[in-house]
Structure formats: C-alpha cells, structure tokens
Amino acid sequence: MTKSIAINAGSSSLKFQLFQMPEERVISKGLIERIGLPLSQVTIKYGDDQKFELEEAIPNHEVAVEILLHQLEELGIIQSFSEITGVGHRVVAGGELFKDSARMDTDEDIQKIDDLAEFAPLHNKAEAVAMRAFKKVLPNVTSVAVFDTSFHTTMPEKAYLYSVPYEYYEKYGARRYGAHGTSHRYVAQRCAEMMGKPIEDLKIVTCHLGNGASITAVDGGKSVDTSMGFTPLAGLTMGTRAGDVDTSLVSFIMNKEGMTDINEMVDILNHKSGLLGLSGVSSDCRDVQAAAEEGNHRAQVALDIFVYKVQKYIGSYVAAMNGVDAIVFTAGIGENSSVIRKSVIEGITWFGCDIDDELNEKRGQDLEISTKDAKVKVFNIPTNEELMIARDIERLR
Ligand code: AMP
C-alpha cells in the first residue's frame with residue numbers, strides 16, 4: 001500500500017490529488033493559488049467533505065510544497081512525509097523527445113523539461129520549478145513526468161506535418177504536437193473496457209470538450225490525428241480560443257486595426273475569441289447557453305459554430321480511420337451538456353450513431369448513451385487525468 005501524489009503546477013498555482021494505491025482511492029485533493037503574491041491561498045479537501053483553508057504569504061513553489069506536506073501531516077491525512085512514495089507531474093510539452101511518461105530522477109532529466117519550454121513557455125518552466133521543489137523536499141521518492149503530448153507521438157507524418165517548407169520542421173520542430181493527451185488516453189482506454197473489447201481492435205473518436213477543447217482519432221489504441229496543433233490554439237472553437245483560422249486573416253485584421261505587434265493578435269486569438277468573442281457574453285458554455293435560451297442571437301450562433309466544428313472533426317476522423325466504433329464525450333462541456341452532445345450526434349447519424357435521450361440526461365458516471373441498435377456507440381466518460389498520472393507512477397516505479 002502506497003500513497004502517490006499527482007501534481008498540476010502553473011506559474012503561480014499548484015493543484016494536487018493524493019491517491020492511495022493500488023486501490024486508486026483519492027484521499028485528498030486541493031490547490032495552492034497565488035504563489036508569489038502577498039496573500040496565497042491553500043485549500044485542502046479530505047475525509048467526508050472536510051475542507052481546510054489557509055491564507056498566508058507563500059513566496060515560491062518550494063515553500064508551497066513544504067506547507068502542503070506539512071498540512072497533510074497536521075490534518076492527519078498522512079502520518080509522515082515518508083508515506084508518499086511517488087510524485088507525478090503533469091507536463092504540457094514533451095516535444096518529440098518524450099513518447100511516454102518518464103521518470104525524472106536527475107537534474108538532467110528535469111533540465112529537459114526546461115529545454116522544451118519554447119513549445120509551452122508558460123507551462124514547462126513552472127512544471128520544472130515544481131519538480132525541483134518536490135525533489136528537494138522528498139528527495140528519495142519516484143518522480144514521474146506525464147506529458148499532454150506523448151499520447152500523440154504515434155501520429156503519422158501525414159497528420160503531424162504542416163504543408164510549409166519542410167526545413168522548418170527539421171530546423172525548429174515546427175509540427176503538430178497536440179494536447180490533452182492524458183485525457184484522450186484515459187477515456188479511450190475506459191471506452192474499450194466498457195465495450196469489453198481489446199483497444200487494439202477499436203476505432204474511437206474522443207471529444208475532450210472543456211474550456212480548452214480537442215478531438216482525437218484513436219485507432220487501435222494509438223492517436224493517429226488530433227485537432228490541436230503546434231500549440232493548443234488550433235482546432236475547435238473554444239472558450240476564448242479561436243481554433244482554426246485562415247492565417248491571412250491575421251495580417252488583414254492587424255492592418256485594419258493598426259496593430260504592429262503580432263503578439264497582440266495572437267493574444268486576441270487565444271484570449272478574446274472563441275465562444276467569448278463570438279457571443280460577446282462569456283467564455284463559459286453555461287452562460288452562453290443561458291443567453292441563447294433567452295433569445296440572444298450571437299450566443300446561439302457561437303454554440304452552433306462550436307457544435308458544427310465538433311461534427312466536422314468527427315467526420316474527418318471517421319474518414320481518417322476509415323471507420324469508427326465509438327465516440328466519447330468528456331471534460332466540462334462534454335460530460336455535462338446534454339444539449340451539446342445531442343446537437344452533435346443529431347447531425348452525424350449518417351454513419352450509424354444515435355443517442356438515447358434518457359441516458360443522455362444522466363451524468364457524473366461512465367455511461368453508454370447510444371440507443372441499443374446503434375452501430376456506432378456513444379459514451380459519456382468523465383475524464384480523470386490525475387488517476388492516469390497515479391497509474392503511470394506505479395507503471396514506472
Ligand atoms: P473544463 O475546462 O473541462 O473544466 O470545462 C469548463 C467548461 O465546461 C465551461 O465552459 C463550462 O461552462 C462547461 N460546463 C460545465 N458544466 C456545464 C453544464 N452543465 N452545461 C454546459 N456546460 C457546462
């Protein structure tokens with residue numbers, strides 16, 4: 001019996017889930033926010049809905065790790081630090097180097113995460129900082145990095161190369177890397193389990209629809225294409241991200257708006273577009289849905305575009321795999337919005353999927369929501385990236 005902790009670190013935050021393994025039971029979870037700011041906040045949930053909160057100045061990630069472990073001990077969640085035998089870190093960019101989760105035993109290993117920061121400047125640096133902080137406080141435990149990109153390293157060249165001069169790929173690694181890989185991997189595996197078939201025999205389209213959204217074609221358990229690209233800006237319409245646009249639009253709008261800094265435009269595409277930019281209401285799907293129900297035309301169009309793009313990607317991935325056995329919905333919108341799931345499936349019944357309205361209204365559990373006779377099965381599977389991280393710690397121990 002061991003305890004492992006799954007970490008998702010940002011530049012000023014640290015989310016965690018503590019697991020009892022191999023039972024895969026969550027003992028505690030929470031987050032530390034505003035690290036480095038005058039008043040940081042610690043929230044720890046445990047037991048039967050018990051919650052601990054603390055506000056104090058936490059100058060850096062190392063102190064955050066010390067405070068977190070100390071509090072876990074104080075609250076009796078662990079008896080001593082030594083009970084934690086594994087730490088797993090979510091890492092956004094693994095480039096072409098990391099084709100699977102990997103142990104982070106040495107400073108050189110962690111340096112590789114830093115070196116990949118040009119592919120995810122905001123994330124990898126913070127993740128490396130958190131790894132070093134845990135190493136310092138828990139020097140002898142198994143440390144593992146789990147990459148958002150590694151599941152997609154099985155994509156063939158035809159899926160990951162852009163049609164630009166090949167030398168940019170050779171010189172700079174300019175290619176599609178994708179994201180949300182841990183989530184797509186988890187729900188695809190769970191879908192195969194629920195179908196009672198080996199994943200090697202299945203063609204699955206996984207739809208991770210959250211504030212960030214991506215779709216993956218999983219053929220025989222391997223990612224063969226995914227909608228996010230060099231960065232998570234590509235693909236679907238998202239909360240604030242534009243998804244795919246004609247790149248000529250960038251210079252056209254910059255000229256019209258008198259913008260001279262390309263970063264300003266990229267910021268608009270990342271933070272002011274998507275559901276927010278289209279609707280003018282919110283980036284949050286619930287707000288947009290509520291506005292649409294009240295008759296707000298732009299909100300309705302934003303939702304229509306969101307659904308339409310999901311349908312187009314599913315269609316193209318059915319073509320890419322020359323067939324499909326199952327479609328999976330996951331993440332905030334995919335798991336919770338029966339309206340979006342129904343709208344998506346209603347428009348693509350031509351290849352044999354159909355949704356059961358009663359089952360579609362349920363949520364919060366792994367569910368098959370297609371009708372009995374449907375040729376293509378549809379699932380609603382809550383994602384669990386943290387569990388995947390905990391499992392990878394065990395696998396790489
Ligand atoms: P995530 O990034 O996975 O946390 O997902 C966040 C998104 O899920 C936000 O756009 C939320 O509005 C959306 N979401 C959560 N619950 C619902 C719901 N009941 N109906 C529609 N969207 C939801």
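Refer to the structure printed above.
Residues numbered from 1 in each chain as written. Predicted model: local features only at pLDDT ≥ 70, side-chain atom pairs only at ≥ 80, totals over all residues. Heavy atoms only, no water.

Participant: Can you help me understand the pattern of salt bridges in this one?
Facilitator: Once their charged atoms are close, side chains differing in charge can pair, the charge on each being opposite to the other. Evaluated as defined, the whole model comprises 22 salt bridges. A salt bridge links Asp105 to Arg103, with the shortest nitrogen-to-oxygen separation between them at 3.2 Å. You can call Asp105 partly exposed: its relative accessible area is 40%. Given a relative accessible area of 33%, Arg103 falls into the partly exposed group. The shortest N-O distance in the salt bridge between Lys203 and Asp219 comes to 3.8 Å. You can see Lys203 sitting in strand E9 (residues 203–209) and its partner Asp219 sitting in strand E10 (residues 213–219), a full 16 residues away along the chain. By relative accessible area, which is 28% here, Asp219 ends up partly exposed. (Salt bridge = Lys/Arg side-chain N within 4 Å of Asp/Glu carboxyl O. Buried < 20%, exposed > 50% of the residue type's maximum accessible area, 1.4 Å probe, protein only. Helix = DSSP H or I, 4+ residues; strand = E, 2+ residues; numbered from the N terminus.)

Participant: In this structure, what is going on with helix H13 (residues 338–346)? I would like to understand it.
Facilitator: Helical geometry: 3.6 residues make up each α-helical turn, so side chains three or four residues apart lie on a common side. Here H13 has its buried residues at Ser338, Ile340, Arg341, Val344 and Ile345. The arc that holds every buried residue of H13, seen down its axis, measures 165°, which confines them to one face. Contacts made by the buried residues of H13 are with helix H10 (285–293), helix H11 (297–321), strand E12 (326–330), helix H12 (331–336), helix H14 (357–360) and strand E14 (377–380). (Arc of directions from axis to C-beta. Contact = heavy atoms within 4.5 Å.)

Participant: I would appreciate a short explanation of the layout of surface pockets in the present structure.
Facilitator: Empty pockets left among the atoms are what a rolling probe the size of a water molecule brings to light. Approximately 190 Å³ is the volume attributed to the second largest pocket. Around the second largest pocket sit 13 residues that line it, and Asp100, Phe151, Arg185, Gln189 and Gly221 are the ones nearest its centre. Per element, the largest residue contribution to the lining of the second largest pocket is three residues, and it comes from helix H6 (residues 181–195). In terms of residue class, the lining of the second largest pocket is built from four nonpolar, five polar and four charged. (1 Å grid on protein atoms, 1.4 Å probe; cavity = no way out; pocket = protein on both sides within 12 Å on 5 of 7 lines; lining within 4 Å. Points joined across faces, edges and corners; volume = space filled by probe spheres on them. Nonpolar A, V, L, I, M, F, W, Y, C, P; charged D, E, K, R; others polar.)

Participant: Hey, could you run me through the site of the ligand in this one?
Facilitator: As a matter of local geometry, the ligand sits amid Gly210, Asn211, Asp284, Cys285, Arg286, Gln289, Ala331, Gly332, Ile333, Asn336, Ser337 and Arg363. Note that an oxygen atom of the ligand is positioned 3.3 Å from one of the backbone N or O atoms of Ile333. Contact distances for the ligand include 3.5 Å between a nitrogen atom and a side-chain N or O atom of Asn336. Protein coverage of the free-state accessible area of the ligand, which is 500 Å², stands at 73%. (Near = heavy atom within 4 Å. Polar contact = N/O pair within 3.5 Å; in protein donor to acceptor, adjacent residues only side chain to side chain. Areas by Shrake-Rupley, 256 points an atom, 1.4 Å probe, with all protein chains shown as cover.)

Participant: Is there a simple way to explain unusual backbone geometry in this structure?
Facilitator: With the exception of glycine, the majority of residues adopt a negative phi angle, and the majority of peptide bonds are in the trans configuration. A cis amide bond, omega 5°, links Met21 with the succeeding residue Pro22. The topology assignment puts Pro22 in the loop between strand E2 (14–21) and strand E3 (25–33). Non-glycine residue Arg34 carries a positive phi angle of around 60°. For Arg34, the position within the fold is in the loop between E3 and strand E4 (40–46). A relative accessible area of 42% means that Arg34 is categorised as partly exposed.

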